[in-house]
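# Descriptive analysis of the structure
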Amino acid sequence: MEEAVVSTQSTGRISILDKKKIKGYWPVYDDSLGEKEQTGVVEMEIEIMTEEEANEKKAGQGRSDPNEHPTLEPPDRPSTSFRWLMMPLIIFKILVWDKYKWYIILAFIILLIIAFLGLLIYTSPGSLTMAMFG
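Residues numbered from 1 in each chain as written. Predicted model: local features only at pLDDT ≥ 70, side-chain atom pairs only at ≥ 80, totals over all residues. Heavy atoms only, no water.

### Remarks on the overall build of the chain
Stated formally: Secondary structure elements follow DSSP: runs of H or I no shorter than four residues count as helices, runs of E no shorter than two count as strands, and numbering proceeds from the N terminus. Two residues form a contact once any of their heavy atoms are found within 4.5 Å.
Within the chain one finds 3 helices and 3 strands. Moving toward the C terminus, one meets the helices and strands of the chain in the order β-α-β-β-α-α. Across the chain, the fraction of contacts at a sequence separation of at least 24, relative to all contacts at a separation of at least 6, is 14%.

See below:
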């Protein structure tokens, strides 16, 4: 059986009925904003076979058994891709801190000054009374 390898760079067309098996990368486009923009690439292998060949080469749904034809490897994901619920500070940094860092720092400094002035006003009558009447 012939196998054809296709990439997104190829300009020619390949007939899957002639090759029977094609493996390659297909672009994914988004045109929701009115212009066509490539948002990703999907690696895919397509194979056309007869009913007898399909009965010989059983395949499960997704990665379930039998995972033999084609064999699907586990996905290569970063170790932190699904731990975002356990790391709220990282999410805070990504969503808030990067955009509003200087506003947050300025608000914190203003709150410190207000707290200092409030404590100064709160303690000054007692201090003045102690100084005057000793």
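### Remarks on a negative patch on the surface
The test is simple: Only residues whose relative accessible area exceeds 30% and that form no salt bridge enter a patch; like-charged residues are grouped when within 9 Å of one another, and nonpolar side chains (Val, Leu, Ile, Met, Phe, Trp, Tyr) when within 5 Å. We get accessible surface area from the Shrake-Rupley algorithm with a probe of 1.4 Å; when it comes to residues, only the shown protein chains can shield them. By definition here, a salt bridge exists when the distance from a side-chain nitrogen of Lys or Arg to a carboxyl oxygen of Asp or Glu is within 4 Å. Positive charges come from Lys and Arg, negative ones from Asp and Glu, while His and the chain ends are left out of the count. A single reference atom marks each charge: NZ on Lys, CZ on Arg, CG on Asp, CD on Glu. Categorising residues by exposure relies on relative accessible area from a 1.4 Å probe, with only protein chains included: less than 20% of the type maximum marks a residue as buried, more than 50% marks it as exposed, and the intermediate range marks it as partly exposed.
A cluster of like negative charges, contributed by Asp30, Asp31, Glu35 and Glu37, occupies part of the molecular surface. Examined against the element boundaries, Glu37 turns out to sit in strand β3 (residues 37-47). For Glu37, a relative accessible area of 43% corresponds to the partly exposed category.

### A few points about the confidence of the model for the chain
We count it as follows: For every residue, the predictor assigns a confidence score, pLDDT, that lies between 0 and 100.
Chain-level statistics for the chain give a pLDDT mean of 80 and a share of 81% at 70 or above. Ranking the elements of the chain by mean pLDDT puts strand β1 (residues 3-6) last with 52 and helix α3 (residues 88-133) first with 90.

### A word on unusual backbone geometry
For Lys20, which is not a glycine, the phi torsion comes out positive at approximately 70 degrees. Of note, Lys20 is situated in the loop between α1 (16-19) and β2 (21-30). Looking at Lys20, the relative accessible area reads 36%, which means it is partly exposed.

### As for the pattern of salt bridges
Taken as a whole and judged by the stated rule, the model has 2 salt bridges. The partner of Glu45 in a salt bridge is Lys21, with the nearest N and O atoms 3.2 Å apart. Taken as a pair, Glu45 in strand β3 and Lys21 in strand β2 lie far apart in primary sequence, 24 residues in all. Assessed through its relative accessible area of 18%, Lys21 is described here as buried. A salt bridge links Asp98 to Lys93; its shortest N-O distance comes to 3.4 Å. Classification of Asp98 as partly exposed rests on a relative accessible area of 48%.

### Focus: the packing of aromatic side chains
Definition in use: Ring geometry is summarised as follows: Phe, Tyr and Trp rings, the Trp one being its six-membered ring, pair when their centres sit within 6.5 Å, and such pairs are stacked at plane angles under 30 degrees, edge-to-face over 60 and tilted between the two.
Counted according to the given criterion, the structure contains 1 aromatic pair. With centroids separated by 6.5 Å and ring planes inclined at 50 degrees, the aromatic side chains of Tyr100 and Tyr103 adopt a geometry described as tilted. Remark: Tyr103 and Tyr100 occur in helix α3; sequence separation between them is 3 residues, near one turn of the helix. Take Tyr100: its relative accessible area is 43%, and that puts it in the partly exposed class.

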